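Each chain, letter by letter, is given below.
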Amino acid sequence: MVIADDKEAPMDNTNWWKTSWLYRKLVAIDHTKVDAPLVSSPLRGYNLNIVIEGQGNITKNPDQLSYNESQVVTLTAIPSTGWIFNHWEGDLNGSQNPINITINGNRTVTANFTITYTLTITIEGQGTVIKDPDQTNYTYGQVVNLTANPTTGWIFNHWGGDLNGSQNPINITINGNR
């Protein structure tokens, strides 16, 4: 007699183990040799679901359909042209890219991409304009502080284009290419 899954199975039924989803080690009660496969339990697979907000892609390394407990997966956010990666949500937080996630159950991660805009400065006369922050691209709603610095012998008169007035410095909120 052989015990498997706490149920008795007759010794002459050699294929009974093939129908069980969870295999267990066979133990012979009378300690005689058993001619049956001894298969350990398969590891439980967990899903890593990726949700994308905006436009971009995510690479997973390793890229698998399911992952084992404690397996580490590296996620890399790749924005589409004109977009930037902004932050992670769900089972990851922050804006580090790439980032590692340890699988300890089914996980869902949202990658947030934001469209980018430019801020073009045109100077009439002589001087400079300091942008803070000074970046090539900005995200929707981002506030940029502009400070006009006239060259010696020149004075700052006023802003034009998407800004009006003579306040210096001044803030501009990005809501499109400006």
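This text follows the structure it describes.
Quick caveat: nothing in here was measured; it's all calculated off a predicted structure.

Caption draft 1: Geometry of the sheet that holds strand 13 (residues 170-173). Spatially, the 3 strands line up as an open sheet ordered 10-12-13, and their pairing is antiparallel. Bordering the open sheet on either side are strand 10 (127-132) and strand 13, each of which pairs with just one other strand. With direction set aside, neighbouring strand axes in the sheet form an average angle of 30°. Two strands pair when backbone bridges link them, and strand 10 and strand 12 (residues 143-150) are joined in this way by 6 bridges, in the antiparallel orientation. When the sheet's bridge partners are listed, I130 is paired in strand 12 with T147.

Caption draft 2: Highlighting the side chain of T139. Within the secondary structure layout, T139 lies in strand 11 (residues 138-139). Not counting residues within four places of it along the chain, the set of residues in contact with T139 comprises I84, N86, T114, I115, Y117 and I174.

Caption draft 3: Region of the structure containing the pattern of salt bridges. Summed over all chains, the structure comprises 4 salt bridges. Here R107 and D91 are joined by a salt bridge, their closest N and O atoms 3.6 Å apart. Separated by 16 residues along the polypeptide, R107 in strand 9 (residues 107-117) and D91 in the loop between strand 7 (83-90) and strand 8 (99-102) bring together distant segments of the chain. A residue is classified by how much of its surface remains accessible, and R107, at 13% relative accessible area, is buried. A salt bridge links R178 to D162; its shortest N-O distance comes to 3.4 Å.

Caption draft 4: Main features of the environment of K131. Among the structural elements, K131 can be located in strand 10. Placed 17 residues apart in sequence, K131 and A148 show a C-alpha to C-alpha distance of 9.2 Å. Apart from the residues lying within four places of it in its own chain, the contact partners of K131 are L119, I121, Y138, V144, N145 and L146.

Caption draft 5: Summary view of the sheet that holds strand 8. With antiparallel pairing, 3 strands are arranged side by side in an open sheet as 5-6-8. The open sheet has two edge strands with one neighbour each: strand 5 (56-61) and strand 8. Across this sheet, the average inter-strand angle for adjacent strands is 30°, counted without regard to direction. One ladder, built from 6 bridges, connects strand 5 with strand 6 (residues 72-79); its direction is antiparallel. Counted as the bridge partner of N61 is T74 from strand 6.

Caption draft 6: View of the nonpolar core. Ranked by size, the top nonpolar core spans 16 residues in total, and within it L48, L75, W88 and I101 carry the most contacts. Looking at this core, the elements that each hand over two or more residues are strand 6, strand 7, strand 8 and strand 9. Apart from residues lying up to four places away in sequence, L48 is in contact with K60, Y67, V73, L75, I101, I103, R107 and V109. Residues L119, V144, L146 and L163 belong to the second largest nonpolar core, which totals 11 residues.

Caption draft 7: How the structure looks around the packing of aromatic side chains. All told, the structure shown has 3 aromatic pairs when counted by the stated rule. When the centroid spacing of 4.8 Å and the interplanar angle of 50° are considered together, the rings of F85 and W88 count as tilted. Each of the two residues, F85 as well as W88, counts as buried. A ring pair is formed by F85 and F113, whose centres lie 5.8 Å apart and whose planes are at 70°; its orientation type is edge-to-face. Residue F85 is found in strand 7, and its partner F113 is found in strand 9; the two are separated by 28 residues along the sequence.

Reading guide: rules and limits
- Residues numbered from 1 in each chain as written.
- Predicted model: local features only at pLDDT ≥ 70, side-chain atom pairs only at ≥ 80, totals over all residues.
- Heavy atoms only, no water.
- Pairing = 2+ DSSP bridges.
- Helix = DSSP H or I, 4+ residues; strand = E, 2+ residues; numbered from the N terminus.
- Axes fitted to C-alpha atoms, helices over the stretch in contact; angles between N-to-C directions.
- Contact = heavy atoms within 4.5 Å.
- Salt bridge = Lys/Arg side-chain N within 4 Å of Asp/Glu carboxyl O.
- Buried < 20%, exposed > 50% of the residue type's maximum accessible area, 1.4 Å probe, protein only.
- Core = buried A, V, L, I, M, F, W, Y, C linked by side-chain atoms within 4.5 Å.
- Phe/Tyr/Trp six-rings, centres within 6.5 Å; stacked < 30°, edge-to-face > 60°.

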